[in-house]
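# Close look at the chain arrangement
Listed below are the residues making up each chain.
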Amino acid sequence: MIRLGWLTLGCLFVALGVIGAILPLMPTTIFLILAAGCFARSSPRLEAWLLDHPRFGPVLRAWRRNGAIGVRGKVMACGGMALGYGLFLLSATPRWPLALLVAAIIGSCAAFVLSRPTAPS
C-alpha cells in the first residue's frame, strides 16, 4: 500500500513537471526531482525511465550526483523568481511589511539556487 502511495505521488509530480515545462512561471525540475525520489521507493523501472530521459535525465543525474544545477537552470530559476516577485508587486500592491517578507522568502530561495554547485553544460 505504501509503495502504491509513492507511485501515485511520483506520477502526480511527473504531471506537475510536464505542466511546468509548458507554463513559464511553474517550475519543472523540482517536480521531476521529487518524482525520481518517489519512483526510487516504488518503481525502479519508472525511476530509470526518468533518469535516462534525453531532456530531463542529465539534470536529474547532476542533482543526484552532487546537488548541482546548470547555469541555464540557475538563470531561469532566478529570472522566474524575479519576474514572479515583480508580478506580485504590480498585481497585489502589498503593504511594505508583506512585500519585504515575500522578498526575503524569494531571496532565500534564490540564494539556495545560487549556492548549489554548477553542473557542467
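Structure: see above.
## Considerations on the overall build of the chain
- A tally of helices and strands in the chain yields 6 helices and 2 strands.
- The 121 residues of the chain split such that 27% are buried.
- For the chain, the computed accessible surface area is about 8,000 Å², with 73% contributed by carbon and sulfur atoms.

## Some remarks on the state of the cysteines
- The tally for this structure, following the rule as stated, stands at 0 disulfides.
- No disulfide involves C11; its sulfur sits 9.4 Å from that of C38, the nearest cysteine.
- No disulfide involves C109; its sulfur sits 9.9 Å from the nearest other cysteine sulfur, which is in C78.
- Relative accessible area serves as the criterion here: at 40%, C109 is assigned to the partly exposed category.

## A look at the environment of A103
- For A103, the location among the structural elements is in helix α6 (residues 96–115).
- Residue classification places A103 among the partly exposed residues on the basis of a relative accessible area of 28%.
- For A103 and L9, which are 94 residues apart along the polypeptide, the C-alpha to C-alpha distance reads 30 Å.

## Some details on the packing of aromatic side chains
- A full pass over the atoms with the stated rule returns 2 aromatic pairs.
- Pairing F13 with F31 gives two aromatic rings, centres 6.3 Å apart and planes at 25°, and the pair type is stacked. Of the two residues, F13 is situated in helix α1 (residues 2–22) and F31 in helix α2 (residues 29–42); the sequence distance between them amounts to 18 residues. For the residue pair F13 and F31, the accessibility class agrees, reading buried in each case.
- Stacked on the ring of W6, the Lys or Arg R41 has its end atom at 5.1 Å from the ring centre.

## Description of unusual backbone geometry
- Here T93, not a glycine, exhibits a phi torsion of approximately 40°, which is positive.
- Mapping T93 onto the fold places it in the loop between α5 (71–92) and α6.
- Given a relative accessible area of 59%, T93 falls into the exposed group.

## Comments concerning the side chain of T28
- Tracing the chain through its elements places T28 in the loop between α1 and α2.
- A relative accessible area of 14% means that T28 is categorised as buried.
- Excluding anything up to four places from it in sequence, T28 contacts G17, G20, A21 and F56.

## What about a nonpolar patch on the surface?
- On the surface, I2, W6, L9 and L12 cluster together into a nonpolar patch covering about 370 Å² of accessible area.
- For L9, the location among the structural elements is in helix α1.

## Focus on α5
- Under the 1.5 Å per step criterion, the end-to-end length of α5 is 31 Å for 22 residues, consistent within 8% with the ideal 32 Å.
- Among the residues making up α5, those that are buried are K74, C78, M81 and Y85. Seen from one end, α5 has its buried residues packed into an arc of 55°, which puts them on one side. Residues of α5 that are exposed and point over 90 degrees away from its buried face: R72, V75, M76, L90 and S91.
- The elements touched by buried residues of α5 are β1 (69–70), α6 and β2 (118–119).
- One or two residues past the end of α5 sits T93, with phi positive at roughly 40°.

Parameters at a glance
- Residues numbered from 1 in each chain as written.
- Predicted model: local features only at pLDDT ≥ 70, side-chain atom pairs only at ≥ 80, totals over all residues.
- Heavy atoms only, no water.
- Helix = DSSP H or I, 4+ residues; strand = E, 2+ residues; numbered from the N terminus.
- Buried < 20%, exposed > 50% of the residue type's maximum accessible area, 1.4 Å probe, protein only.
- Areas by Shrake-Rupley, 256 points an atom, 1.4 Å probe, with all protein chains shown as cover.
- Disulfide = S-S within 2.5 Å.
- Phe/Tyr/Trp six-rings, centres within 6.5 Å; stacked < 30°, edge-to-face > 60°.
- Lys NZ or Arg CZ within 6 Å of the ring centre and 35° of its normal.
- Contact = heavy atoms within 4.5 Å.
- Patch = residues over 30% accessible without salt bridge, like charges linked within 9 Å, V, L, I, M, F, W, Y side chains within 5 Å.
- Salt bridge = Lys/Arg side-chain N within 4 Å of Asp/Glu carboxyl O.
- Expected span 1.5 Å × (residues − 1).
- Arc of directions from axis to C-beta.

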